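Residues per chain, in single letters:
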Amino acid sequence: MTGKIAIEEHFVSKEATPYLPPLGVTVAVQKRIDDGLGDVERYRLPEMYKNGIDVQIVSLTADGVQLEPDRDKAVKIAKLANDELAERFLAKYPTRFAGLAAVPLQDPKAAADELQRSIEQLGFKGALANGFSNVEDLDTGEYYDLPKFWPFWERVQELDVPFYLHPRGPLDSQQRIYEGHPELLGPAWAFGVETSTHALRLITSGLFDRFPKLKIIIGHLGEGLVPMMWRVQNRFDYASFGKRLEKPLMQYLKDNFFITTSGNFHTPTLVNVIAEMGIDRILFSVDYPYERTDQAVQWFDNCGLSEEDRQRIGRLNALRLFKL
Ligand code: GRE
Ligand code: ZN
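Residues numbered from 1 in each chain as written. Chains lettered and ligands numbered in written order. Predicted model: local features only at pLDDT ≥ 70, side-chain atom pairs only at ≥ 80, totals over all residues. Heavy atoms only, no water.

Topic: the overall build of the protein
Helix and strand counts for the protein come out as 12 helices and 10 strands. Relative to a compact globule of 324 residues, whose C-alpha radius of gyration would be 20 Å, the protein shows 19 Å and is just as compact. Considered along the principal axes of its C-alpha atoms, the protein spans approximately 55 × 50 × 45 Å. Counting only residues that meet the buried cut, the protein has 54% of its 324 residues in that class. Residue pairs in contact within the protein that sit at least 24 positions apart in sequence constitute 80% of those at least 6 positions apart. Here the protein contributes 38 positive and 46 negative side-chain charges, whose respective centroids are spaced 3 Å apart. (Helix = DSSP H or I, 4+ residues; strand = E, 2+ residues; numbered from the N terminus. Rg over C-alpha atoms; globule rule 2.2 N^0.38 Å. Buried < 20%, exposed > 50% of the residue type's maximum accessible area, 1.4 Å probe, protein only. Contact = heavy atoms within 4.5 Å. Lys, Arg positive; Asp, Glu negative; His and termini not counted. Charge placed at Lys NZ, Arg CZ, Asp CG, Glu CD.)

Here is the structure:
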């Protein structure tokens, strides 16, 4: 398919380079990632062209701003990253790239202001946070269901732009379960646990009853959330924690969430997610440069979808969601 739009595609800014997590990959893969993150013209555009990707929606890679415990520094790094993205990608190639703003949620009001500046002055199409934000120190993290984040969410809803909840790894003090298993402590597993649990916190906190128009995007075909939702609901109904929500949990997933194919190129999982969420809620992504574009595209272009559905997931849903 030509004309694909890819949603979860990353770059690294000059000032955010120290915030890259160690990956534990081979030298060759690390080189491909480093080359890809820093680059626009040499690898990225040819790879898009070769694989029928018309537009990349670009965001600052993990852990990015979220790892900086100092509030003012986080605000500064976010601004610089958004300016760099605007300059190197959007100004030079306005038809090939769109931007998602880095948001310094260490300071919810500053994050809202930076998002608004990015949308209104830089032409960005939404926000992306790399999981929880460190606050004050490296072993304290805050999830965005807390009431202190309501002013931020209020602004996201007002601006009517999507918010991508991207993974990051758990805090050092929360890694006991992965002891002796570094292979599970990254994108393979821990990223998804962090992100799906964070998404559930947003849902069960009542955030979407308060701000019903919020649009949250999660990657990796739903971070494992979708096939567990029936059980979460069933046990939620038995529980006596006094939480009252207006709708069934799955309904918030359907009404407030979008799911991308980033880094999870597997047809049975795609079929399940489509069945639960509906075809209009699923968007194509690669997860460049962590994943191989040719592998993503080989799979997506041949995965047994009708051509109509491939167009929806590959392009049309993104045009609508990001108002491109
Ligand atoms: C990703 O974006 O999915 C990612 C990272 C960092 C390491 C691996 C990875 O941001 O897949
Ligand atoms: Zn990613």
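Some points on the sheet that holds strand 7 (residues 163-166)
One open sheet accounts for 8 strands, arranged 1-2-3-4-7-8-9-10; its pairing is parallel. Strand pairing shows two members of the sheet lacking a second neighbour, strand 1 (4-11) and strand 10 (282-283), which therefore form its edges. In this structure, strand 9 (residues 257-260) lies alongside strand 10, joined through 2 bridges in parallel fashion. Residue pairing for strand 10: I259 is matched across the bridge by I282. (Pairing = 2+ DSSP bridges.)

A short note on the coordination of the zinc ion (ligand 2)
Within the protein, the zinc ion (ligand 2) binds to E8 (OE), H10 (NE2), H166 (NE2) and D287 (OD); these donor distances fall in the range 1.9 to 2.2 Å. Read in sequence order, the donor residues for the zinc ion (ligand 2) give the motif E-x1-H-x155-H-x120-D. Residue E8 is found in strand 1, and its partner H166 is found in strand 7; the two are separated by 158 residues along the sequence. You can call H166 buried: its relative accessible area is 4%. (Donors = N, O, S within 2.8 Å, 3.2 Å for Na, K, Ca; no water.)

Digging into unusual backbone geometry
Residue D63 is reached from A62 by a cis peptide bond, and omega for that bond is -10 degrees. With respect to the helices and strands, the residue D63 is situated in the loop between strand 2 (53-60) and helix 3 (71-91). Residue Y288 is joined to P289 through a cis peptide bond whose omega torsion reads 0 degrees. Mapped onto the elements, P289 comes out in the loop between strand 10 and helix 11 (293-301). Of note, the phi angle at H220 is positive, near 55 degrees, even though the residue is not glycine. Examined against the element boundaries, H220 turns out to sit in the loop between strand 8 (216-218) and helix 8 (229-238). Located in the positive-phi region is D287, a residue other than glycine, with phi close to 90 degrees. Counting through the fold element by element, D287 comes out in the loop between strand 10 and helix 11.

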